[in-house]
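Analysis of the macromolecular model
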Amino acid sequence: MKIGVIGLGRMGEYMSRRLRNNDHEVWGYRRNVEAAKELFEDGALDGYANDIKTLVESVHETSDSKSVFLMVIPAGSVDETLNELLLYVNPGDIIIDHGNSNFKHTRERAIRLSEQNIGYMDCGTSGGVWGLNRGYCLMVGGTNEDVDYCKPIFDALSPSIDSVERTQPDSDVTPAENGWLHCGPWGAGHFVKMVHNGVEYGIMQSYAEGFNILNSANKGKEYVGIDAETAPMDDPQNYQYDIDIAEVAELWRRGSVIGSWLLDLTASALRESPNLDDYSGRVSDSGEGRWTINTSVDLGVPAPALSAALFARFNSQGSSPFADKILSAMRFMFGGHHEKK
């Protein structure tokens, strides 16, 4: 199949390479044309275009009756890109959004494009920069007809059934075991990916808090006694462990019930830098965690752990200094407590 890819950052590049490795013809476009040219020369693409118009024309030139275009771009760029694409695509063509768009916006776009006989699909894509070799977990939303037509693309991008041990080896193979799933109509793929990322926030926060406790296990040795501004430590002699955090991460990877790929990556980072000196601790949130919490409120479904993880990210971004000052000011006003230096 001949495919047009719009957006050739790391994800777009690696997806293009994986598609080519599975015998698809891939043409690409990105605003930085020189970077696209370099990817072409490096074998990531069969061809590249200087603009979207040329990309569409190149894909139409030798493709089947339907052409497929993958957008691997930030959510904020989707509408602008779509509006330009719609100037050149043909009725029957299919556009797939592989980014982290809000599922509500996806539904609106799909309805609008269906009125022009343009297929639109959402494909929540997980795998990050490792997807080239590991394959991508794909959460797909769209019509049955469009999903069936694009099956060769999803088969190429996703892991094989042998990538993990089967849950029930003697049972019939289910669609998800092939690494991608048609989750439902327009928006369903992005809905599932939204919750996926909310869960990701929670898992990451749990690891971070756990390792932070281990990292503080030696504070009993630093305890210097009671002062008016500090709560006393109970039994400081119980907290005098100099624990090798990197080694614990390695240990937990082996046989532990909390083992995971995220733990594997954490262990690798700690091996390279036990004190993580290259990181400031500012953790961004790209939107999906917020949407997950908003959705939980809309549905009346509790999500305390995911909410706490999202708010921890806000705090890491430096969004609470004024609140902290208010707390300090109140404490001084009612009790004369000066800030501890």
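Residues numbered from 1 in each chain as written. Predicted model: local features only at pLDDT ≥ 70, side-chain atom pairs only at ≥ 80, totals over all residues. Heavy atoms only, no water.

A few words on the sheet that holds strand E5 (residues 94–97). Within a sheet, each strand pairs with its neighbour through backbone hydrogen bonds, oriented either parallel or antiparallel. Read across the open sheet, the 8 strands follow the order E3-E2-E1-E4-E5-E6-E7-E8; overall the sheet is mixed. Of all strands in the sheet, those bounded by a partner on one side alone are strand E3 (47–48) and strand E8 (180–184). In this structure, strand E4 (residues 68–71) lies alongside E5, joined through 4 bridges in parallel fashion. Residue pairing in the sheet places Val 68 in a bridge with Ile 94 of E5. (Pairing = 2+ DSSP bridges. Helix = DSSP H or I, 4+ residues; strand = E, 2+ residues; numbered from the N terminus.)

A few words now on the pattern of salt bridges. For the coordinates displayed, the defined rule picks out 17 salt bridges. Here Arg 17 ties to Asp 42 by a salt bridge, and the two come within 2.5 Å at their closest N and O atoms. Residue Arg 17 is located in helix H1 (residues 10–21), and its partner Asp 42 is located in the loop between helix H2 (33–41) and E3; the two are separated by 25 residues in the primary sequence. Look at Arg 17 and you get buried, because its relative accessible area is 15%. Its salt-bridge partner being Arg 31, residue Glu 80 comes within 3.4 Å of it at the nearest N-O pair. One end of the pair, Glu 80, is in helix H4 (residues 78–85); the other, Arg 31, is in the loop between strand E2 (25–29) and H2, with 49 residues separating them in the sequence. Like Arg 31, Glu 80 is exposed. Sharing partners across several salt bridges, the network here consists of Glu 247, Glu 250, Arg 253, Arg 254, Asp 264 and Arg 271. (Salt bridge = Lys/Arg side-chain N within 4 Å of Asp/Glu carboxyl O. Buried < 20%, exposed > 50% of the residue type's maximum accessible area, 1.4 Å probe, protein only.)

For the rest of this paragraph, the subject is a nonpolar patch on the surface. A contiguous nonpolar surface patch, about 590 Å² in accessible area, is contributed by Phe 322, Ile 326, Leu 327, Met 330 and Phe 334. In this fold, Met 330 is placed in helix H15 (residues 321–335). (Patch = residues over 30% accessible without salt bridge, like charges linked within 9 Å, V, L, I, M, F, W, Y side chains within 5 Å. Areas by Shrake-Rupley, 256 points an atom, 1.4 Å probe, with all protein chains shown as cover.)

Take the packing of helix H9 (residues 188–215) against helix H11 (residues 245–252) next. In the contact formed by H9 and H11, the axes pass within 10 Å of each other and the chain directions differ by 135°. As the angle between them shows, H9 and H11 are arranged oblique. The crossing of H9 and H11 is right-handed. Contacts between H9 and H11 involve Phe 211, Leu 214 and Asn 215 from the first element and Ile 245, Val 248, Ala 249 and Trp 252 from the second. Within the contact of H9 with H11, the residues separate by chemical class into 6 nonpolar, 1 polar and no charged. (Axes fitted to C-alpha atoms, helices over the stretch in contact; angles between N-to-C directions. Parallel < 35°, antiparallel > 145°, perpendicular 65-115°, else oblique. Left-handed = near helix turned anticlockwise from the far one by under 90°. Contact = heavy atoms within 4.5 Å. Nonpolar A, V, L, I, M, F, W, Y, C, P; charged D, E, K, R; others polar.)

Below, the discussion takes up the nonpolar core. Ile 96, Ile 153 and Phe 154 are the most contacted members of the largest nonpolar core, which totals 28 residues. Mapped onto this core, the elements with two or more residues apiece are strand E1 (2–6), H1, H2, E4, E5, strand E6 (119–126), strand E7 (137–141) and helix H8 (151–157). With 4 residues, the single largest contributor to this core is H8. Excluding residues that lie within four positions of it along the chain, Phe 154 makes contacts with Ile 96, Met 121, Cys 123, Leu 138, Val 140, Val 147 and Trp 180. Trp 27, Phe 69, Met 71 and Val 78 belong to the second largest nonpolar core, which has 21 residues in total. (Core = buried A, V, L, I, M, F, W, Y, C linked by side-chain atoms within 4.5 Å.)

Let's shift gears to H4. Where H4 is concerned, the buried positions are Val 78, Thr 81, Leu 82 and Leu 85. Projected onto a plane normal to the axis of H4, the buried residues spread over an arc of 100° and lie on a single side. The elements touched by buried residues of H4 are E1, helix H3 (52–62), E4, E5, helix H5 (103–114) and E6. (Arc of directions from axis to C-beta.)

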